[in-house]
Amino acid sequence: MRVPVFCVVVLSFICHSHSLEIQNPVYGFKRSRENVLSDPSDCMSRTRQQQVFTNSHNFSVDLRMPGVIPSGADTYLCMAFPVPTSQDAYIVDFIPHASMETVHHMLLFGCQTPVSTSRYWDCGSVQGTCEDGSSIMYAWARNAPPTKLPRDVGFKVGRNSGMSYFVLQIHYGDVSAFRDHHRDCSGVALRMTSKPQPFIAGIYLLMSVDTVILPGKRVTNADVACDYTSYPIYPFAFRTHTHHLGKVVSGYRIRDGKWSLIGRQSPQLPQAFYPANKEVNVKYGDTVAARCVFTGEGRNSKTYIGGTSDDEMCNFYIMYYMDSKHAIPYMNCMETGSKELFQHIPAEANVPIAVSPGDMNSMMHMGSSADHQEKSLLDTNKAEQVLDQDYHLEQVSAWPQSSLQLGQVSGLALDTDSNLVIFHRGDHRWGADSFNSKARYQQRSLGPIQQSTILVVDPDKGNILKASGRNMFYLPHGITTDKENNYWVTDVALHQVLKVSSDGTDRTLLALGEAFTPGSDSNHFCQPTDVAVDTETGNIFVSDGYCNARILKFSADGKYLSEWGAGSSDRRRRVPFRIPHSLVFLPDKQEVCVADRENGRIQCFIAETGEFVKEIKKEEFGGEVFAITYSPAGDGLIFAVNGDSPYHSAPLRGFVIDYSTKDILDTFNPEKKEFKMPHDIVETKDGIVFVGDAGSKSVFKFTTEKLHHSVKKGGIEVQELEEMDMFVQTKARPEHKMTKTAAIQEKQSVAQQPQPQAEAEEKKNKSVAKPNRQQGVLPAIITTLLLIPLLLVITIGVFICWRKNNRCEVKSEPSSVGGILGKLRGKAVGSLNLGNFFASHKGYSRQGFDQLSTEGSDQERNDEDSSDSENEEYSAVPPPQPSS
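### A look at the overall build of the protein chain
Across its full length, the protein chain holds 8 helices and 51 strands. Counting across all 884 residues of the protein chain, residues that qualify as buried make up 56%. Counting only contacts in the protein chain whose residues sit at least 6 apart along the sequence, the fraction spanning at least 24 positions is 67%.

### What to know about the state of the cysteines
Applying the stated criterion across every chain, the model contains 6 disulfides. Linked covalently through their sulfurs, Cys78 and Cys123 form a disulfide whose S-S length is 2.1 Å. Disulfide Cys78-Cys123: the torsion about the S-S bond is 80°, which places it as right-handed. Of the two residues, Cys78 sits in strand β4 (residues 75-82) while Cys123 sits in the loop between β7 (121-122) and β8 (135-141), which places them 45 residues apart along the sequence.

### Here's the deal with the pattern of salt bridges
Enumeration according to the criterion identifies 12 salt bridges in this entry. Lys156 serves as the salt-bridge partner of Asp88, at 3.8 Å between the closest nitrogen and oxygen. Taken together, the positions of Asp88 in the loop between β4 and β5 (89-97) and Lys156 in strand β10 (residues 153-157) put the pair 68 residues apart, joining distant regions of the chain. According to the relative accessible area criterion, Lys156 is partly exposed, its value standing at 26%. Close ionic contact of Asp223 with Arg291 constitutes a salt bridge, the shortest N to O distance being 2.6 Å. One end of the pair, Asp223, is in strand β15 (residues 220-227); the other, Arg291, is in strand β20 (residues 287-294), with 68 residues separating them in the sequence. Both residues of the pair, Asp223 and Arg291, count as buried. Through salt bridges with shared partners, a single ionic network connects Asp544, Arg550 and Glu563.

### Description of a nonpolar patch on the surface
Together, Val212, Leu214 and Tyr304 line one region of the surface with nonpolar side chains, adding up to about 240 Å² of accessible area. Overall, the relative accessible area of 33% leaves Val212 in the partly exposed class.

### Points about the packing of aromatic side chains
The tally for this structure, following the rule as stated, stands at 32 aromatic pairs. A centroid spacing of 5.2 Å and a plane angle of 85° characterise the contact between Phe423 and Phe473, whose relative ring orientation is edge-to-face. Here Phe423, found in strand β26 (residues 420-424), pairs with Phe473, found in the loop between β28 (464-468) and β29 (476-481); they are 50 residues apart in sequence, far enough to count as distant. Considered together, Phe423 and Phe473 belong to a single accessibility category, that of buried residues. Between Phe675 and Phe700, the aromatic rings sit 5.2 Å apart at their centres with planes inclined by 85°, giving edge-to-face as the arrangement. Here Phe675 is found in the loop between β44 (664-668) and β45 (678-683), whereas its partner Phe700 is found in strand β47 (residues 698-703), with 25 residues between them in sequence. Owing to a relative accessible area of 3%, Phe700 belongs among the buried residues under this scheme. One aromatic cluster is present, built from ring pairs that chain together Trp430, Phe435, Tyr441, Tyr474, Phe516 and Tyr546.

### As for the nonpolar core
Formed by 56 residues in total, the largest nonpolar core has its most connected members in Ile91, Leu108, Phe155, Val157, Phe166, Leu190 and Met192. Sorting elements by how many residues they give to this core places β4 first, with 6 residues. Excluding anything up to four places from it in sequence, Phe155 contacts Ala89, Tyr90, Ile91, Phe94, Met137, Leu149, Ala201, Gly202, Ile203 and Met319. Core analysis: the next-biggest nonpolar cluster, separate from the first, contains 29 residues, Phe238, Val249, Ile262 and Leu269 among them.

About the cut-offs
Sequence positions are assigned chain by chain, starting from 1 and proceeding in written order. Only residues with pLDDT of at least 70 get local features here, since the model is predicted, and only at 80 or more are side-chain atom pairs given and counted; chain-wide, interface and lining totals rely on the full set of residues. By convention in this description, side-chain values take in all heavy atoms of the structure and omit both hydrogens and water. Numbering of helices and strands runs from the N terminus; a helix is a DSSP stretch of H or I covering at least four residues, while a strand is a stretch of E covering at least two. Each residue is assigned to one of three classes by its accessible area relative to the maximum for its type, calculated with a 1.4 Å probe on protein chains only: buried under 20%, partly exposed between the two thresholds, exposed over 50%. Contact definition: two residues touch when any of their heavy atoms are within 4.5 Å. The definition used for a disulfide is geometric: two cysteine sulfur atoms within 2.5 Å. Salt bridges, as used here, are contacts in which a Lys or Arg side-chain nitrogen is within 4 Å of a carboxyl oxygen on Asp or Glu. Each patch is built from residues lacking any salt bridge and having more than 30% relative accessible area; the joining distance is 9 Å for like charges and 5 Å for nonpolar side chains (Val, Leu, Ile, Met, Phe, Trp, Tyr). Using a 1.4 Å probe, accessible areas were evaluated by the Shrake-Rupley method; residue-level cover was limited to the displayed protein chains. In this analysis, rings of Phe, Tyr and Trp, with Trp reduced to its six-membered ring, are considered paired at centre separations within 6.5 Å, and the interplanar angle assigns stacked below 30 degrees, edge-to-face beyond 60, and tilted for intermediate values. We call a set of buried residues a nonpolar core when its members are Ala, Val, Leu, Ile, Met, Phe, Trp, Tyr or Cys and they connect through side-chain atoms within 4.5 Å of each other.

What follows is the structure, encoded as structure tokens:
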């Protein structure tokens, strides 16, 4: 083999390493995670498109508005971004960066020729978004959580897709949030890969265009239906969208006269993409149909379909995948369905999904709310900092490793060794006949629970370490521990609060209240629910309870000190507690917070005086908050679980809430076995969360992983990317795996160091510039060191060939890429293994849509060809072969 051939091979390797080059050098490439701006004025300095590589295949792109101020209500602004690769690429993850307090809704289109490529423009006019046809790839509204795609599925963009540009469209509804003249940088981050995906995602939009809603008319139906005439599609998510008047939106596939539900949701709930019925696919000859149910009550004029917030919309989005060979990225249906067809629609399509009045009135901007007035832009960005960490709580499905044989789980706590303490009811149950109308327990004849009601459990494996509490309790409820590791428990049948030793002797060290005697004075309780302990003074706080509406404070030795009821910022509208159900003491703030169950709120008070501090009430709670716990990470995190409400409809799940901003940072729920009645929650110092469920008689464990962890938000799951290298300015090197608590503490502690404004700005600029220089110098050095010997070899080879002597002989070694360099005159001139240097890193490893596995997630998918039988049922189902 001659030297020119050798030169061509080497050059081909060099060209291959640049297959994902950026089309425009102004776009910044960073290996560290993007720093969220803590000052909205920095919007103008933000690069409008940022890309971050995680390995040779995977990268992320941040699409943001460049610090805009909408000119008025119902302003639509668009911004175009070139797809940042000359090759085909695939979007596998969408992460929104927007708040409903600023943004009404947000759409992401893909197209070939946008209206403008230079700057943002008003796309609510005749200009629109794209000169040619555009495809909707993503939609967000109402603080919807991120959308995740199933494994092996991606939206195709780039060279051969017909999509060379992204167009971000943001609808700013009520612009009162911009009274302070801040600039908006809302947008969406895309996780992408260059690895071809076997299934391509797309959007099918069913939309009504001619519906008229008459004023005062109780029900107006908007029906849309089209015959499907293409290759099979497999819906995996759906989204509904209306404005104020929409009650419920449902989508169906009709096959052989049978209606099969794809998805159904209230458009007044967070407008995320929710999981579709996985048993439904759509093939040639089927009909796709949707119905939106509106009410004209409260209107005094006709309401038409239109683009402003005073108009209405009827949209049902189906996110689907199909075989890559037949992929169609976008389809729509705008035909009015016939009355004959919709005579057979299932009755459920006209049954409204109950939501709270707050939900019904909050589709538009909520700037007038007290919560919004309290929030500063700095606090909002701090919440985004936590969200941008991408830490998400997931169930550890293999915990416990052996069955615990529990009764109704009423309480959870942690002892001084960080072991989990479970308080359960054994073979006793709280039923309708457990108490009479005067709250007196009616089943004393059953005697106390004979099983061990207090179990100390290993948090890692779930093994029982210690068991106690036999023949002591009738209907256990709440439990906590003090610094001496004693148990403080409540029993709603006994109407008592008991201090019990943890040494296994089951000694009652202190009893408050009179056994089986309900009351409302300082010496009696009526079905007390929980206890919180001041870690410094030993004072205890009791939530009392099901028939009283108060919090009582006692000294460590049981002396009555004070009590108080519900708080309110408006004393004229104070709403009493309705079952103060769970208590937690905040040691860093010296406050006590209570889960006011039936009011669906969390209230916090100064522990010393009982003075009201704040209230957290979220529509996502669905009207009930069952339990809370607290972590001092950052400015404080409240962990909560909600419950079923007869008046509201919301999924049962856990919440992670920023104490300062009141923002929901994360939601979580089990994978396979749903919550039935989540009754208590605790969080360990390592960021592990346990939830006790009285309905399913079980305890769920949730944890976070930094590498390759599965995420479930909005019901849609994916195996996460490798985390990007992060340069943290600390003296101690951070651990490879960080817990959620540790990550937030570290990030927020850095962000909160006090500095004079000018000095802080200067240091901020330096801290941003320094990592970029560090990150840029190292690759440059490596590249230079690699290219110098290659160029030297090529130069020598060219010179020798130019001299046309025959002393040059190259011997290749087919089994080694390093052997490509060959041997010159029988002596090896190099052993650089280009194969290892240019080898691909691990590709995206994503879990399925409906369920996920978290056990061993750091080790899963290390080998692209490895078996993944454990998760195969959750992957994208391959299209069935046509029957013969």
